[in-house]
Amino acid sequence: MSEREYNKDEKSLLLYFEHCLVDTGGSSRNKSIGWGEFDPEKVNKEDIEIGNKLTDEGLILFRYPACIVRFTDKAWKLAHKFRRERAERHSPTLEEKEILVDAKESEDVNNG
């Protein structure tokens, strides 16, 4: 069974939730049970519908208006994939050979 395609809004919301889980850490009340908190002012009606849809699909646990979320392992993997895709659009991955060429050029400049 192949993975379904996620649209831009679904990817964006998943990345926002990933940010909430990783970077904000949630409140001490929710941290002890593994929930991340999100800002209710940063989600709209469509986001709530997407959050509920992703919960129905078994990808995340999303609770609104409690404003908390948890990820399954698959959600973590997808968030990593989507973040990498976003990063690649702005800063393509450096190839090892590029590092070696740059190091050689720097050595030539320093010794020249």
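Higher on the page you've got the structure.
Residues numbered from 1 in each chain as written. Predicted model: local features only at pLDDT ≥ 70, side-chain atom pairs only at ≥ 80, totals over all residues. Heavy atoms only, no water.

Q: So what exactly am I meant to see when it comes to the packing of helix H1 (residues 8-24) against helix H3 (residues 45-56) here?
A: For any two helices packed against each other, one specifies the inter-axial angle together with the distance between the axes. Between H1 and H3, the least distance of the axes is 10 Å, while the angle of their chain directions is 80°. It follows that H1 is roughly perpendicular to H3 by the angle criterion. Facing Asp9, Glu10, Leu13 and Leu14 of H1, the residues of H3 in contact are Asp47, Ile50, Gly51, Lys53 and Leu54. Its residues placed into classes, the contact of H1 with H3 shows four nonpolar, one polar and four charged. (Axes fitted to C-alpha atoms, helices over the stretch in contact; angles between N-to-C directions. Helix = DSSP H or I, 4+ residues; strand = E, 2+ residues; numbered from the N terminus. Parallel < 35°, antiparallel > 145°, perpendicular 65-115°, else oblique. Contact = heavy atoms within 4.5 Å. Nonpolar A, V, L, I, M, F, W, Y, C, P; charged D, E, K, R; others polar.)

Q: Could you clarify how one ought to interpret the packing of aromatic side chains in this entry?
A: Aromatic ring pairs: the centre-centre distance and the angle between the two ring planes describe each pair. Summed over all chains, the structure comprises six aromatic pairs. An angle of 50° between the planes, with centres 5.1 Å apart, marks the rings of Phe17 and Phe38 as tilted. In this pair, Phe17 is assigned in helix H1 and Phe38 in the loop between strand E1 (36-37) and H3, connecting sequence segments 21 residues apart. What makes Phe17 buried here is its relative accessible area of 0%. Ring centres 5.6 Å apart and planes at 35° place the aromatic pair Phe17 and Phe62 in the tilted group. In this pair, Phe17 sits in helix H1 while Phe62 sits in strand E2 (residues 60-63), placing the two residues 45 residues apart along the sequence. For Phe62, a relative accessible area of 3% gives the class buried. Here the basic side chain of Arg70 rests over the ring of Trp35, its NZ or CZ set 5.9 Å away from the ring centre. (Phe/Tyr/Trp six-rings, centres within 6.5 Å; stacked < 30°, edge-to-face > 60°. Buried < 20%, exposed > 50% of the residue type's maximum accessible area, 1.4 Å probe, protein only. Lys NZ or Arg CZ within 6 Å of the ring centre and 35° of its normal.)

Q: Help me understand the side chain of Asp47 in this model?
A: Take Asp47: it is sitting in helix H3. No salt bridge is formed by the buried Asp47, whose closest oppositely charged neighbour, Lys8, lies at an N-O distance of 11 Å. Here Asp47 is in contact with Leu13 and Lys42, once residues within four sequence places are set aside. (Lys, Arg positive; Asp, Glu negative; His and termini not counted. Salt bridge = Lys/Arg side-chain N within 4 Å of Asp/Glu carboxyl O.)

Q: In this structure, what is going on with helix H4 (residues 73-90)? I would like to understand it.
A: Working note: α-helix, 3.6 residues per turn, so residues spaced by three or four point in the same direction. Over its 18 residues, H4 extends 26 Å from the first C-alpha to the last, a length consistent with the 26 Å expected when each residue adds 1.5 Å. Taken as a whole, H4 has its buried residues at Ala75, Leu78, Ala79 and Phe82. Seen from one end, H4 has its buried residues packed into an arc of 105°, which puts them on one side. For H4, exposure combined with an orientation more than 90 degrees from the buried face picks out Lys77 and His80. Looking at the buried side of H4, the elements it contacts are H1, E2 and strand E3 (68-71). (Expected span 1.5 Å × (residues − 1). Arc of directions from axis to C-beta.)

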